[in-house]
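Inside the fold
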Amino acid sequence: MARKKSTVGKRKGNILFDEVDLKTLKLLIGSKEEFSIGDVQDKIGITHVSFKIHFRRLEKLGFITIERIPKTFKHILKPTEKGKKLLELFEK
């Protein structure tokens, strides 16, 4: 019996950057305060499960870094220079 491949968590097409990614970069770059993963997902209004796909992809592409805060379970998202340059392109 043939099984259908699972498509859970997979995107259709070859989208590398979308609206949630753009909102994330705008939030991180447009503020002087640091944001944890939970802070960003709350401000954008997206669930943790959905946002996980976005922040992992942004990190893999080199647009953000994820730093763990010692002795806590929090992770801080920080934009990279590459992420800042990408946002400049979108804002032109």
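The preceding data block contains the structure.
Residues numbered from 1 in each chain as written. Predicted model: local features only at pLDDT ≥ 70, side-chain atom pairs only at ≥ 80, totals over all residues. Heavy atoms only, no water.

**With respect to helix 1 (residues 19–29)**
The complete set of buried residues in helix 1 reads Val 20, Asp 21, Leu 22, Thr 24, Leu 25, Leu 27 and Leu 28. Its buried side turned inward, helix 1 meets strand 1 (35–36), helix 2 (37–44), helix 3 (48–60), strand 2 (64–68), strand 3 (75–79) and helix 4 (81–91). Taking the backbone nitrogen of Val 20 as reference, a side-chain oxygen 3.2 Å away marks Asp 18 as the first, capping residue of helix 1. (Buried < 20%, exposed > 50% of the residue type's maximum accessible area, 1.4 Å probe, protein only. Helix = DSSP H or I, 4+ residues; strand = E, 2+ residues; numbered from the N terminus. Contact = heavy atoms within 4.5 Å. Polar contact = N/O pair within 3.5 Å; in protein donor to acceptor, adjacent residues only side chain to side chain.)

**Focus on the packing of helix 1 against helix 3**
Where helix 1 meets helix 3, the axes come as close as 10 Å, and the angle between the chain directions of the two elements is 65°. The pairing of helix 1 with helix 3 is recorded here as roughly perpendicular in orientation. Considering how the two elements wind past one another, helix 1 and helix 3 form a crossing that is right-handed. Across the interface between the two elements, Val 20, Asp 21 and Thr 24 of helix 1 pack against Phe 51, His 54, Arg 57 and Leu 58 of helix 3. A per-class count over the contact of helix 1 with helix 3 returns three nonpolar, two polar and two charged. (Axes fitted to C-alpha atoms, helices over the stretch in contact; angles between N-to-C directions. Parallel < 35°, antiparallel > 145°, perpendicular 65-115°, else oblique. Left-handed = near helix turned anticlockwise from the far one by under 90°. Nonpolar A, V, L, I, M, F, W, Y, C, P; charged D, E, K, R; others polar.)

**Side note on the packing of aromatic side chains**
Across all of its chains, the model carries one aromatic pair by this definition. Judged by centre distance (5.5 Å) and plane angle (55°), the ring pair of Phe 51 and Phe 55 falls under tilted. One end of the pair is Phe 51 and the other is Phe 55, both in helix 3 and four residues apart, which spans about a single turn. Comparing Phe 51 with Phe 55, the two get one shared label, buried. (Phe/Tyr/Trp six-rings, centres within 6.5 Å; stacked < 30°, edge-to-face > 60°.)

**Comments concerning the sheet that holds strand 1**
The sheet built from three strands is open, its strands ordered 1-3-2 with antiparallel pairing. Of all strands in the sheet, those with a lone pairing partner are strand 1 and strand 2, marking the two edges. Both strand 1 and strand 3 contribute to a ladder of two bridges, which runs antiparallel. Of the residues in strand 3, the one forming a bridge with Ser 36 is Ile 76. (Pairing = 2+ DSSP bridges.)

**Considerations on the side chain of Gln 41**
With respect to the helices and strands, Gln 41 occurs in helix 2. Setting aside anything within four residues of it in sequence, one finds Gln 41 in contact with Ile 46, Thr 47, His 48 and Phe 51.

**Considerations on the pairing of strand 2**
Residues in a regular strand project their side chains so that they alternate between the two faces of the sheet. Inspection of the sheet shows strand 2 paired to strand 3 by five bridges, in the antiparallel sense. In the sheet register, Thr 65 faces strand 3, and the bridge partner there is Lys 78. Between strand 2 and strand 3, which follow one another and run antiparallel, lie six residues, and Lys 71 among them has a positive phi close to 65°.

**Notes on helix 3**
Here helix 3 is 13 residues long and its end C-alpha atoms lie 18 Å apart, about the 18 Å a rise of 1.5 Å per residue gives. Listing the buried residues of helix 3 in full gives Phe 51, His 54, Phe 55, Arg 57 and Leu 58. Around the axis of helix 3, the buried residues are gathered within 160° of arc, so they sit on the same side. In this structure, helix 3 carries Val 49, Arg 56 and Lys 60 as exposed residues pointing more than 90 degrees from its buried face. In this structure, the buried residues of helix 3 make contact with helix 1, helix 2, strand 2 and strand 3. (Expected span 1.5 Å × (residues − 1). Arc of directions from axis to C-beta.)

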